[in-house]
Amino acid sequence: MLKGKNVLLGMTGGIAAYKTGELIRECIRRGAHVKVVMTEHAREFMTPMTVQTLSQNPVFTDMFSLIKDFDIAHISLAEFADIAVIAPATANVIGKIASGIADNLLTTVVMATKAPVLICPAMNMNMYANPIVQENISRLSTLGYRFVEPGYGELACKVTGPGRLAEVPEIMEAIETTLTDQDLSEERILVTAGPTREPFDPVRFISNHSSGKMGYALAKMAKRRGAQVTLISGPSALERPVGVRFISVSTAVEMRDAVMAHLERATVVIKAAAVADYRPAAVSSSKIKKKEGPLTIELVRNPDIVSEIGRQKGDRILVGFAMESENLVENAKAKLAAKKMDMIVANDLTQEGAGFQTDTNIIQILDRDGGIEALPLMDKGDVANRILDRIRAMRVAHPRY
Ligand code: PMT
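Glancing now at helix 1 (residues 17-29). Helix length check: helix 1, at 13 residues, gives a terminal C-alpha distance of 19 Å against a target of 18 Å (1.5 Å per residue), a fit within 8%. Taken residue by residue, helix 1 has A17, K19, T20, G21, L23, I24, E26, C27 and I28 as its buried positions. Buried positions along helix 1 lie against strand 1 (6-11), strand 2 (33-38), helix 2 (48-55), strand 4 (83-89), strand 8 (160-164) and helix 8 (168-178). Directly beyond the C-terminal end of helix 1, a positive phi value near 95° is found at G31.

Here it is as structure tokens:
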């Protein structure tokens, strides 16, 4: 989303200014153009030279520098911005903006811009709790300014509480969300992801190679597009997507129970998890000792979660996945019909760049009306968005009443 976008970053004077360096780098890494305005006090914490080097653009500090080519800084910066982000934002700058004061370059640009403004407060916990600051925040929120709440932790002044500048991934997610069309804001989406683990003694289990990347990408993109998202995940090393309700499970039975407990609220269910079809019939309470000869483990069927949802799906949109190594389309079609899905996403494990663990996937989307859409190799984030586009189109064609 950030590719080609113009981010105007405002820095005010706070110890958290050092984190803004990382924020600038991350914006640039995602393809944004970044220009930075620093207040006089911000320059006590970071040098303009450092910020200029990181942003790959001149740093703007002065309201009254001579006009070059009739380019009036506060107007051209206000127009440059697709989004204005103030990080860190002190109580002082929040108070000025809330009161309509424009007495330096940053506050003047904020006053002049039509772009969305995202404010990331960072200050001492007592200052943050001060009713004047809270009133300013709620006044600005009512006026459409957006906030990324500060984190909880040890502050520079050695007290512990809320007031730390939010972490960079959280601010980045807020920037991405602000710049994304909220076309899924009416949906409550339940996503399953990752593998399941089926133990047969306290140290061993049967599992598969799912990393969770496909399901986590779906959860993250759905959240970014405004949906309320619940992510039910088997064991995964991935970071939990920001702003998503997260439920951790291990076995297929646990996943089934969690899905059924959250099904009622969901308007869309996406089953990207690689659920084990079988589990050991018995789980030994102690480690099974090595013996001469083979070891036989009896397996029993696990619940088929997606079929159970299909039987009681109502007007929910049910999207399954098909992981195949042969006859991709035939097998996917059979699963779509048998499990009463509205859509199935077929991926062929034998294709390079598709399926388990990679950052990319190659999919075909089959729908209940017989349509098939084949997509080329894409990043899993883009694949997720294409699946969500299809869900959105299905909802527009069949609204809920
Ligand atoms: O996690 P990654 O490393 O990113 O890999 C992504 C992925 C390959 C796991 C993903 O893209 C994928 O294909 N997920 C579905 C894997 C799978 O279990 O496919 P299946 O064809 O065996 O199952 C069909 C559908 O039934 C799936 O939606 C599955 O979630 C569901 N199912 C399967 C068994 C079971 N007991 N209950 C189920 O609900």
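Picking up after the structure, the text goes on.
With that settled, consider the pairing of strand 1. Most of strand 1 is tucked away, with six of its six residues classed as buried. Alternating residues of strand 1 divide into N6, L8 and G10 and V7, L9 and M11, and every residue in both groups is buried. As paired strands, strand 1 and strand 2 are joined by six bridges and run parallel to one another. Bridge pairing in strand 2 links V7 to V34. Note on the crossover from strand 1 through helix 1 to strand 2: the handedness is right-handed. Pairing between strand 1 and strand 4: four bridges, direction parallel.

Glancing now at a nonpolar patch on the surface. A grouping of I206, Y278, L295, I297 and L299 is seen on the molecular surface, where their side chains present a nonpolar patch of about 420 Å² in accessible area. Counting through the fold element by element, L295 comes out in the loop between strand 15 (278-280) and strand 16 (299-301). Taking the relative accessible area as the measure of exposure, L295 reaches 52% and is therefore exposed.

Right, let's talk about the site of the ligand for a bit. Around the ligand, 28 residues are found, and the nearest of them are S210, S211, K335, N347 and Q357. Between K380 and the ligand, the recorded distance is 2.8 Å, taken from a side-chain N or O atom to an oxygen atom. In the complex, 97% of the free accessible area of the ligand, which totals 770 Å², lies under the protein chains. Of all the secondary-structure elements, those providing two or more residues to the shell around the ligand are helix 9 (213-224), helix 11 (305-311) and strand 17 (317-324). Ranked by residues supplied to the shell around the ligand, first place goes to strand 17 with four residues. Counted by class, the shell around the ligand contains 13 nonpolar, eight polar and seven charged residues.

The next subject is the packing of aromatic side chains. For the structure shown, the criterion picks out one aromatic pair. Residues Y216 and F246 carry aromatic rings whose centres are separated by 6.3 Å and whose planes lie at 65° to one another, so their mutual orientation is edge-to-face. Pair noted here: Y216 is in helix 9 and F246 is in strand 13 (residues 245-248), with a separation of 30 residues, a long-range link. When the ring centre of F80 is taken as reference, the NZ or CZ atom of K35 above it lies at 4.5 Å. Of note, R301 hangs over the ring of Y278, and the distance from its end group to the ring centre comes to 5.6 Å.

Turning next to the sheet that holds strand 3 (residues 59-60). Pairing in this open sheet of six strands is parallel, and the strands run 3-2-1-4-5-6 from one edge to the other. Pairing within the sheet leaves two strands with one partner each, and these edge strands are strand 3 and strand 6 (146-147). For strand 2 and strand 3, the ladder comprises two bridges, and the chain directions are parallel. By the bridge assignment for strand 3, V37 is matched with F60. Strand contacts of helix 1: strand 1, strand 2 and strand 4, with the helix running at about 175° to strand 1, the strand carrying the most contacts.

Reading the values: the criteria
- Residues numbered from 1 in each chain as written.
- Predicted model: local features only at pLDDT ≥ 70, side-chain atom pairs only at ≥ 80, totals over all residues.
- Heavy atoms only, no water.
- Helix = DSSP H or I, 4+ residues; strand = E, 2+ residues; numbered from the N terminus.
- Expected span 1.5 Å × (residues − 1).
- Buried < 20%, exposed > 50% of the residue type's maximum accessible area, 1.4 Å probe, protein only.
- Contact = heavy atoms within 4.5 Å.
- Pairing = 2+ DSSP bridges.
- Right-handed = clockwise from strand over helix to strand, strands pointing away.
- Patch = residues over 30% accessible without salt bridge, like charges linked within 9 Å, V, L, I, M, F, W, Y side chains within 5 Å.
- Areas by Shrake-Rupley, 256 points an atom, 1.4 Å probe, with all protein chains shown as cover.
- Salt bridge = Lys/Arg side-chain N within 4 Å of Asp/Glu carboxyl O.
- Near = heavy atom within 4 Å.
- Polar contact = N/O pair within 3.5 Å; in protein donor to acceptor, adjacent residues only side chain to side chain.
- Nonpolar A, V, L, I, M, F, W, Y, C, P; charged D, E, K, R; others polar.
- Phe/Tyr/Trp six-rings, centres within 6.5 Å; stacked < 30°, edge-to-face > 60°.
- Lys NZ or Arg CZ within 6 Å of the ring centre and 35° of its normal.
- Axes fitted to C-alpha atoms, helices over the stretch in contact; angles between N-to-C directions.

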